[in-house]
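Listed here are the chains, written in short residue letters.
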Amino acid sequence: MSEDDKKDKPIPGEDDETGDISERGETRGETPEDKSRPGRLKRWTSSLRRRPWITVGVATFLFLGVGLGVTVTQGKRIIPGETIRAAVSPHLKDPGKDYYEEKLRPLLLPLPSGSENQAVLIKFSVIWDGLASFRYRALELQIRNRLYTHMKSLVAREQDPQDKTPLLEAEMSRILRESLGTGDLAIKIKEVKGI
């Protein structure tokens, strides 16, 4: 090789007007060959066009996931964006937290044999935060058993439990607060009905 050929050949690692040069002497930039090849996005979209069942499967999966999420959370929140604040109940201490009302399964309590009804059905809901709800789900059987035994003895002592709704709410709230280890909840009795 002559000296003129050595001068024309770029040294690896140096910059010149063609762009960066890698250690192997290749330029790091687009060449006319790169422009003719499809990019990753083009290859991906053309792959989906050749296999439409993939697109249908992904769309179905997303549709079912959103539908299941809406179904599960329906009825557990109040109007979107609206939360229950501490002004609603004096038992809800932290006004910065978001509380929601959740309807729980009713309690069916037997009455003593001398009563005009055989049992009392108590339909109620609880206003609480997410942590208390999670703790309740973990200990649901023990808490409901404790509520049942205490409320059964309370209803047996009272003459007319339908008129004692505030007393029942206070006792149920106390039991839930003790069981869950939180003071941020309130009970709302929807209906007390003799059966």
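Definitions and cut-offs
Residues numbered from 1 in each chain as written. Predicted model: local features only at pLDDT ≥ 70, side-chain atom pairs only at ≥ 80, totals over all residues. Heavy atoms only, no water. Helix = DSSP H or I, 4+ residues; strand = E, 2+ residues; numbered from the N terminus. Buried < 20%, exposed > 50% of the residue type's maximum accessible area, 1.4 Å probe, protein only. Contact = heavy atoms within 4.5 Å. Areas by Shrake-Rupley, 256 points an atom, 1.4 Å probe, with all protein chains shown as cover. Polar contact = N/O pair within 3.5 Å; in protein donor to acceptor, adjacent residues only side chain to side chain. Core = buried A, V, L, I, M, F, W, Y, C linked by side-chain atoms within 4.5 Å. Axes fitted to C-alpha atoms, helices over the stretch in contact; angles between N-to-C directions. Parallel < 35°, antiparallel > 145°, perpendicular 65-115°, else oblique. Left-handed = near helix turned anticlockwise from the far one by under 90°. Nonpolar A, V, L, I, M, F, W, Y, C, P; charged D, E, K, R; others polar. Salt bridge = Lys/Arg side-chain N within 4 Å of Asp/Glu carboxyl O.

**Student:** I keep staring at the overall build of the protein and nothing clicks. Help me out?
**Tutor:** The number of helices and strands found in the protein is seven helices and four strands. Here the protein holds 195 residues, and the buried ones make up 25% of them. For the protein, contacts bridging at least 24 residues in sequence account for 59% of all contacts bridging at least 6. Here the protein displays about 14,100 Å² of accessible surface, and carbon together with sulfur accounts for 56% of that area.

**Student:** What is the right way to read the side chain of Asp129 from this model?
**Tutor:** The topology assignment puts Asp129 in the loop between strand E3 (119-128) and helix H5 (130-138). Judged by relative accessible area, which is 8%, Asp129 ranks as buried. A polar atom in the side chain of Asp129 sits 3.2 Å from the backbone nitrogen of Ala132. Residues contacting Asp129, with those up to four places away along its chain left out, are Lys97, Asp98, Tyr99, Tyr100 and Asp184.

**Student:** Sorry, what's going on with the nonpolar core here?
**Tutor:** Buried together is how nonpolar side chains tend to be arranged in soluble globular proteins. Formed by 26 residues in total, the largest nonpolar core has its most connected members in Ile122, Phe124, Trp128, Met151, Met172 and Leu176. The set of elements that each furnish at least two residues to this core consists of strand E2 (107-110), E3, H5, helix H6 (140-157), helix H7 (165-180) and strand E4 (185-194). Those residues in contact with Trp128, other than ones at most four positions away along the chain, are Asp98, Tyr99, Tyr100, Glu102, Leu104, Ser133, Tyr136, Leu180, Asp184 and Leu185.

**Student:** So what exactly am I meant to see when it comes to the side chain of Glu101 here?
**Tutor:** Mapped onto the secondary structure, Glu101 falls in strand E1 (residues 100-103). Judged by its relative accessible area of 17%, Glu101 is buried. A distance of 2.6 Å separates the side chain of Glu101 from the side chain of Ser125, its partner in a polar contact.

**Student:** Explain the packing of H6 against H7 to me, please; I cannot follow it from the model alone.
**Tutor:** Helix-helix packing is characterised by the crossing angle of the two axes and by the distance between the axes. Two elements in contact, H6 and H7, have axes separated by 10 Å at closest approach and are oriented at 150°. One element, H6, and the other, H7, form an angle in the roughly antiparallel class. In the packing of H6 onto H7, the handedness of the crossing is right-handed. Contacts from Ile143, Arg146, Leu147, His150, Met151, Leu154 and Val155 of H6 reach H7 at Leu167, Leu168, Glu171, Met172, Arg174, Ile175, Leu176, Glu178, Ser179 and Leu180. By residue class, the composition of the contact of H6 with H7 is 11 nonpolar, two polar and four charged.

**Student:** Would you take a moment to explain the environment of Leu139 for this structure?
**Tutor:** Looking at where Leu139 falls in the secondary structure, it is placed in the loop between H5 and H6. Residues Leu139 and Leu180 lie 41 residues apart in sequence; the distance between their C-alpha atoms is 8.5 Å.

**Student:** Help me understand the pattern of salt bridges in this model?
**Tutor:** Side chains that carry opposite charge are capable of pairing whenever their charged atoms lie near each other. Taken as a whole and assessed by the stated rule, the structure comprises eight salt bridges. Residues Glu102 and Arg137 are paired through a salt bridge, measuring 1.8 Å at the closest nitrogen-oxygen approach. Of the two residues, Glu102 sits in strand E1 while Arg137 sits in helix H5, which places them 35 residues apart along the sequence. Among the residues examined, Glu102 registers a relative accessible area of 4% and is labelled buried. A relative accessible area of 38% means that Arg137 is categorised as partly exposed. Of the charged contacts, one joins Glu140 and Arg105 as a salt bridge, the two residues approaching to 3.4 Å between their closest N and O atoms. One end of the pair, Glu140, is in helix H6; the other, Arg105, is in the loop between E1 and E2, and 35 residues separate them in sequence.

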